[in-house]
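One letter stands for each residue in the lines below.
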Amino acid sequence: MNDAARQPPPWLDQALLDAGSVFASPEEVLAHPELTAAEKTAVLRAWEYDAAEIAVAEEEGMQGPENDLLRRILLALAELTNGRAVEFVAPTKQHGLL
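First, a word on what this report is: a plain description of the structure on this page. This one's a predicted model, so the numbers in the text were calculated from it and none came from an experiment.

Observations regarding the pattern of salt bridges
Step number 1: Tallying each qualifying case throughout the model produces 5 salt bridges.
Step number 2: With its nearest N and O atoms 2.7 Å apart, the salt bridge here joins glutamate 39 to arginine 6. Of this pair, glutamate 39 sits in helix H4 (residues 37-59) while arginine 6 sits in the segment before helix H1 (12-17), and the two are 33 residues apart along the sequence.
Step number 3: Using a relative accessible area of 12% as the deciding quantity, one classes glutamate 39 as buried.
Step number 4: Taking the shortest distance from any N to any O, the salt bridge between arginine 71 and aspartate 68 comes out at 2.7 Å.
Step number 5: Taken together, the shared-partner salt bridges in this structure form one network comprising Glu27, Asp68, Arg71 and Arg72.

In structure tokens form, the structure reads like this:
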């Protein structure tokens, strides 16, 4: 089946809204056989934004569980894109994404 006729998985919209509710880890996104590279990138970018928001809140004194989720997301994105930036990001803590 060519990419034009391919239907995205029915749970993709949920993964774009809340990747952690669909995937256990960024590495699971990276290894998922049903997702295209573009879909993996979109899920990881959305998850990156959410993780950056949490990191900013923690910097501002709001306590949360310490983890390395943001680092793992960025490593997965780097692996997916062979270390190339896939888009320009603004120099803000949240990378200027809306």
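Moving on from the coordinates now.
Notes on the side chain of histidine 32
Step number 1: Here histidine 32 shows up in the loop between helix H3 (26-31) and H4.
Step number 2: When residues no more than four places from it in sequence are discounted, the contact partners of histidine 32 are Trp11, Phe23 and Lys40.

Focus on the nonpolar core
Step number 1: Of all hydrophobic cores here, the largest spans 15 residues; its most connected members are Phe23, Val29, Val43, Leu44, Trp47 and Ile73.
Step number 2: Of all the secondary-structure elements, those providing two or more residues to this core are H1, H3, H4 and helix H5 (69-80).
Step number 3: Residues in contact with valine 43, not counting those within four places in the same chain, are Leu12, Ala15, Leu16, Ala19, Phe23 and Val29.

Conventions we followed
- Residues numbered from 1 in each chain as written.
- Predicted model: local features only at pLDDT ≥ 70, side-chain atom pairs only at ≥ 80, totals over all residues.
- Heavy atoms only, no water.
- Salt bridge = Lys/Arg side-chain N within 4 Å of Asp/Glu carboxyl O.
- Helix = DSSP H or I, 4+ residues; strand = E, 2+ residues; numbered from the N terminus.
- Buried < 20%, exposed > 50% of the residue type's maximum accessible area, 1.4 Å probe, protein only.
- Contact = heavy atoms within 4.5 Å.
- Core = buried A, V, L, I, M, F, W, Y, C linked by side-chain atoms within 4.5 Å.

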